[in-house]
Amino acid sequence: MTHRDTKLETRLLHTGIAEFNPKTGLAPVTLPAVRTSTVRFQNLQALDNVVAQREAGARPSTYGRPGLETHVALEEVFCELEGAKRSFLAPSGLSAISLVFLALLSKGDHVLVADCVYGPVRYLDKTVLRRMGIEVSYCRGTPEDMQAQLRPETRMVYVESPGSLLLEMLDLPALAAFARDKGLTLVTDNTWGAGYAYRPLALGAHVSVVAGTKYVGGHADLMLGAVAVADEALVQQITDTHYALGYTISAEDAWLALRGVRTLPLRMRHHAHSALEICRFLAAKPEVARIYHPAWQEDPGHALWQRDCLGSNGLMSVELKLNYEQGRRFVDALRLFSIGFSWGGFESLVQWVEPPTLKPHSYWQGKGDTTVVRLHVGLEAVEDLCADLEQALAAALA
Ligand SMILES: *Cc1c(COP(=O)(O)O)cnc(C)c1O
């Protein structure tokens, strides 16, 4: 049996591991964090060899910025996860997103962006892209809505599926067909799927961006981004910009991500299982107007989820028939769900969603008379999480 024939879960444990030391015949099970700012060459011939390897497309390092073994191992892991030819590391998810925009777009170019994307993408647009002469149009993430805003200068489609906050499932294969038909590059934010629950490159996307800060790291202890690329021509473009912008991450962060990713399938399955239990619990509550979670059978994206996803996770949003004050009481009363941004760690979190935050999402149909919270269902015992929600609902109505 070759490495290729095994399941992703198995490959995740056998990729990016330490090689045997030829002198001792030993290898550590866990690859050490190789922390160095530069490397030494035994002689000039060794330097020449490395340069020749690099010119042939390999990735040996002559300096600390792109990292050494620990970083290369993590890049290999992201390639496995996403089914990519190459992956690039970035110091945060948002920096991975900005890397792609800056690598693939130039002055005068236009990009179509699904209106369900991670909020700070709009900040990148407002503060940097506009200044660079790159124009952004936001629209519903469907080929029809994208077609309506298509221009001769359109170069790229940028989407996120399921979308931020309301977990709107997009028809990625249809978007990929649209992008190919129009000669556009399709870029997706795959933080939700982390390459395990959803594989955009296999569904036709050219580039997949992941905030490793979330499920890949999995322990709420690092910031990390990655860009995974299937298309050879795009690899060169991103290589150049990644180098020019001087992206680097610490060896310890690469090490933490490698440590975290070994248990990614196990954690995600547990998060997903508990999240469905929470859905069942909440669906029976009269205060719950709607649950946004594509793995939940009543979510409108459920059919697309069944067709395109390989799993799910612990992220959901809940619309509650609570007014503003009751909603705030509910959130403050939660004990096991801490108030906080982010998700994908071991812990349960609740994010208070201010009503105007949902306005730019065309998927949002609410009238502003309800409360929306985003829950990250952590690895706590699900009975305890249900009890916490139960007492907080009672406190909201008291
Ligand atoms: C958190 C997040 C990001 C940004 O990642 P950071 O590491 O916090 O910069 C990007 N996209 C999505 C969908 C996210 O949830």
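Residues numbered from 1 in each chain as written. Predicted model: local features only at pLDDT ≥ 70, side-chain atom pairs only at ≥ 80, totals over all residues. Heavy atoms only, no water.

A word on the nonpolar core
- With 85 residues, the main nonpolar core has Phe101, Tyr158 and Val207 as its most contacted residues.
- Top element by residues in this core is helix α4 (residues 93-104). It accounts for seven residues.
- In this view, Val207 contacts Val100, Leu104, Leu186, Val187, Thr188, Leu201, Val227, Ala228, Val229, Leu234 and Ile238; residues no more than four positions away in its chain are not counted.
- With 29 residues, the next largest nonpolar core counts Cys279, Val331, Ala392 and Leu393 among its residues. (Core = buried A, V, L, I, M, F, W, Y, C linked by side-chain atoms within 4.5 Å. Buried < 20%, exposed > 50% of the residue type's maximum accessible area, 1.4 Å probe, protein only. Helix = DSSP H or I, 4+ residues; strand = E, 2+ residues; numbered from the N terminus. Contact = heavy atoms within 4.5 Å.)

Some words on the sheet that holds strand β9 (residues 315-320)
- The five strands are arranged β8-β9-β12-β11-β10 in an open sheet whose pairing can be described as mixed. Whereas interior strands pair on both sides, the edge strands pair on one side only; in this sheet they are β8 (288-292) and β10 (338-339).
- In terms of strand pairing, β8 meets β9 through four bridges, oriented antiparallel. In the sheet register, Val288 faces β9, and the bridge partner there is Leu320.
- Its contacts with the sheet place helix α10 (residues 264-283) against β8, β9 and β12 (371-376), and it is angled at close to 10 degrees to β9.
- Against the sheet, helix α12 (residues 324-333) engages β9, β10, β11 (349-353) and β12, with an angle of about 160 degrees to β11. (Pairing = 2+ DSSP bridges. Axes fitted to C-alpha atoms, helices over the stretch in contact; angles between N-to-C directions.)

What about α12?
- Listed as buried for α12 are Gln326, Gly327, Phe330, Val331 and Ala333. An end-on view of α12 places all buried positions within 165 degrees of arc, on one side of the element.
- Summarising the contacts, the buried residues of α12 are in contact with β9, β10, β11, β12 and α14 (382-397).
- A distance of 3.2 Å separates the backbone nitrogen of Glu325 from a side-chain oxygen at the start of α12, and that oxygen is part of Asn323. (Arc of directions from axis to C-beta. Polar contact = N/O pair within 3.5 Å; in protein donor to acceptor, adjacent residues only side chain to side chain.)

Points about α4
- With twelve residues, α4 extends 17 Å between its outermost C-alpha atoms, agreeing within 8% with the 16 Å of an ideal straight helix rising 1.5 Å per residue.
- Extensive coverage of α4 is indicated by the burial of ten of its twelve residues. (Expected span 1.5 Å × (residues − 1).)

Let's talk about the packing of α4 against helix α5 (residues 120-129)
- Contact geometry of α4 with α5 gives a least axis separation of 11 Å together with a crossing angle of 50 degrees. Classed by the angle they form, the pair α4 and α5 counts as oblique. As for the relative orientation of α4 and α5, their crossing is right-handed in sense. Contact residues: α4 offers Leu94, Ile97, Ser98, Phe101 and Leu102, while α5 offers Pro120, Val121, Leu124, Val128 and Leu129. (Parallel < 35°, antiparallel > 145°, perpendicular 65-115°, else oblique. Left-handed = near helix turned anticlockwise from the far one by under 90°.)

Let's talk about the domain arrangement of the protein chain
- Split by domain assignment, the protein chain resolves into domain 1 (3-261) and domain 2 (264-397).
- On a C-alpha basis, the centres of domain 1 and domain 2 stand 28 Å from each other.
- Of the residues lining the interface, 37 residues belong to domain 1; the matching set on domain 2 comes to 39 residues.
- Both sides of the domain 1 and domain 2 interface together cover about 3300 Å² of buried area, and 66% of this is carbon and sulfur. (Domains from an automatic or database assignment. Buried area = accessible area lost by both parts, 1.4 Å probe.)

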